[in-house]
Amino acid sequence: MKIHAIQTASVRIKTAQVEGRGRGLRRRLAVLNDRQWTQWLPTYAWVIEHSKGVIVVDTGQGVHLLESSRSLHPYHRWEVIFRVEHEEEVGPQLRALGIGPRDTTRVVLTHLHADHDGGLAHFPNTEILVSRGELETARGWAGRLRGYLSHRWPTWFDPIPLDLAPNAYGPFSASKRLTAAGDVIAVATPGHTADHVSVVVEDQGTTYFLAGDASYDQHLMLAGRIDGISADDDVAGATLSAIRQFARSRRVVYLPTHDPESAARLAGRACVPSSHL
Ligand SMILES: [Zn+2]
């Protein structure tokens, strides 16, 4: 199996979004009050070249969303900046890897924030999986008020709801195996959004953890520091704790979407250091 990191864009957000300050509503309001931007962070999509077909996890950002900075929604207007070129989008980069539009058998979205579903237009003929609760949260006007850009989804977008079974996979209380071999598994990692999922890939003694936005980087996961936008402190904290417990049990390469060190860790198969767990 081969996993590729595709950097689809670069993004800057507020430092109080990356690492939450305080608790509860105060923590969430701190994002809006923060004047300090992060450095440019990558937005990765992940490509799993599995023997039964290519699985893409998250689709990154798209040029068509650049105008979202004019959105009336305060988050998109004031709290995020991103840059992306057409050739950086996931479709052209897949083709550069020799993967054509019909080679991808499945797209799995960790959640529906615009920097994860912004490349959907490249997959009109692919089965797309999204957790059922996330889809319901993101849909329609209610979703737009929550900051989802559901009105920018392709008109054909009709994903298959991903229902995780109440089967524990390691410390994760709900999971679903996505391949017949059982080597690609969606696990519940609630926090950043209530129905956020991560994708685990087991390959030759190493486990890759495609974390989405479970944390913005590995340091914050290790430190148990939740982000600025998770709705529930305890739920988000429990997810980070579960990930650490998982990494104690086996060799885990931890790969968040926006961690500047994710691609190097993937290339070097660098596991979560046990000395930090
Ligand atoms: Zn997100």
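Quick note: structure is the one above.
These numbers were taken from a predicted model, which means no experiment stands behind them.

1. Some remarks on the coordination of the zinc ion
Here the zinc ion is held by His 111 (NE2), His 113 (ND1), His 192 (NE2) and Asp 213 (OD), and the distances to it run 2.1 to 2.3 Å. Seen from the zinc ion, its four donor atoms lie at angles of 90 to 177 degrees, and the figure they make is irregular. All donors to the zinc ion come from one chain, and their sequence spacing reads H-x1-H-x78-H-x20-D. With a gap of 81 residues between them, His 111 in the loop between strand 5 (104-109) and helix 5 (114-117) and His 192 in the loop between strand 9 (184-188) and strand 10 (197-203) connect regions that are remote in the sequence.

2. Focus on the pattern of salt bridges
All told, the structure shown has eleven salt bridges when counted by the stated rule. Note that Glu 202 and Arg 250 form a salt bridge whose closest N and O atoms lie 3.5 Å from each other. Placement of the pair is Glu 202 in strand 10 and Arg 250 in the loop between helix 9 (233-249) and strand 12 (252-256), with a sequence separation of 48 residues. One salt-bridge network, held together by shared partners, links Asp 259, Glu 261 and Arg 265.

3. Overview of the sheet that holds strand 2 (residues 41-50)
Here we have seven strands laid out as an open sheet, ordered 4-1-2-3-5-6-7, and mixed in their pairing. What marks the edges here is a single partner per strand, and that holds for strand 4 (80-83) and strand 7 (160-162). Pairs of neighbouring strands in the sheet enclose a mean axial angle of 30 degrees, with direction left out of account. Direction of pairing for strand 1 (residues 2-13) relative to strand 2: antiparallel, over a ladder of nine bridges. Bridging from a neighbouring strand, Ala 5 pairs with Trp 46 of strand 2.

4. Digging into the pairing of strand 6 (residues 127-131)
Where burial is concerned, most of strand 6 is hidden: four out of the five residues are buried. Where strand 5 and strand 6 come together, four bridges link them in parallel fashion. The partner of Arg 106 across the bridge, within strand 6, is Glu 127.

5. Brief notes about the sheet that holds strand 9
One key point about sheets: their strands pair by backbone hydrogen bonds, in either a parallel or an antiparallel sense. Strand order in the open sheet formed by five strands is 8-9-10-11-12, with mixed pairing between adjacent strands. Looking at which strands have only one partner, the edges of the open sheet turn out to be strand 8 (175-177) and strand 12. Neighbour-to-neighbour, the strand axes of the sheet open up by a mean angle of 20 degrees, direction not taken into account. Alignment of strand 9 against strand 10, held across five bridges, turns out to be antiparallel.

6. A look at helix 2 (residues 24-33)
The set of residues buried in helix 2 consists of Arg 27, Ala 30 and Val 31. For helix 2, the arc enclosing every buried residue in end-on projection is 105 degrees, short of the 170-degree limit, so these residues lie on one face. In helix 2, the exposed positions that point more than 90 degrees away from the buried face belong to Leu 25, Arg 26 and Asn 33. Where helix 2 is buried, its residues contact helix 1 (15-18) and helix 9.

7. A look at the environment of Leu 164
Take Leu 164: it is sitting in the loop between strand 7 and strand 8. Remark: the alpha-carbon pair of Leu 164 and Ile 99, spanning 65 residues in sequence, is separated by 29 Å. Among residues more than four places away in sequence, those in contact with Leu 164 are Ala 174, Ser 175, Lys 176, Ala 186, Val 187, Ala 188 and Val 197.

8. Examining a nonpolar patch on the surface
A surface patch of nonpolar side chains, amounting to about 300 Å² of accessible area, comprises Leu 25, Leu 29 and Leu 32. Its place among the elements puts Leu 32 in helix 2.

Thresholds, definitions, all that
- Residues numbered from 1 in each chain as written.
- Predicted model: local features only at pLDDT ≥ 70, side-chain atom pairs only at ≥ 80, totals over all residues.
- Heavy atoms only, no water.
- Donors = N, O, S within 2.8 Å, 3.2 Å for Na, K, Ca; no water.
- Tetrahedral: all angles 85-135°; square planar, octahedral: opposite > 155°, others 65-115°.
- Helix = DSSP H or I, 4+ residues; strand = E, 2+ residues; numbered from the N terminus.
- Salt bridge = Lys/Arg side-chain N within 4 Å of Asp/Glu carboxyl O.
- Pairing = 2+ DSSP bridges.
- Axes fitted to C-alpha atoms, helices over the stretch in contact; angles between N-to-C directions.
- Buried < 20%, exposed > 50% of the residue type's maximum accessible area, 1.4 Å probe, protein only.
- Arc of directions from axis to C-beta.
- Contact = heavy atoms within 4.5 Å.
- Patch = residues over 30% accessible without salt bridge, like charges linked within 9 Å, V, L, I, M, F, W, Y side chains within 5 Å.
- Areas by Shrake-Rupley, 256 points an atom, 1.4 Å probe, with all protein chains shown as cover.

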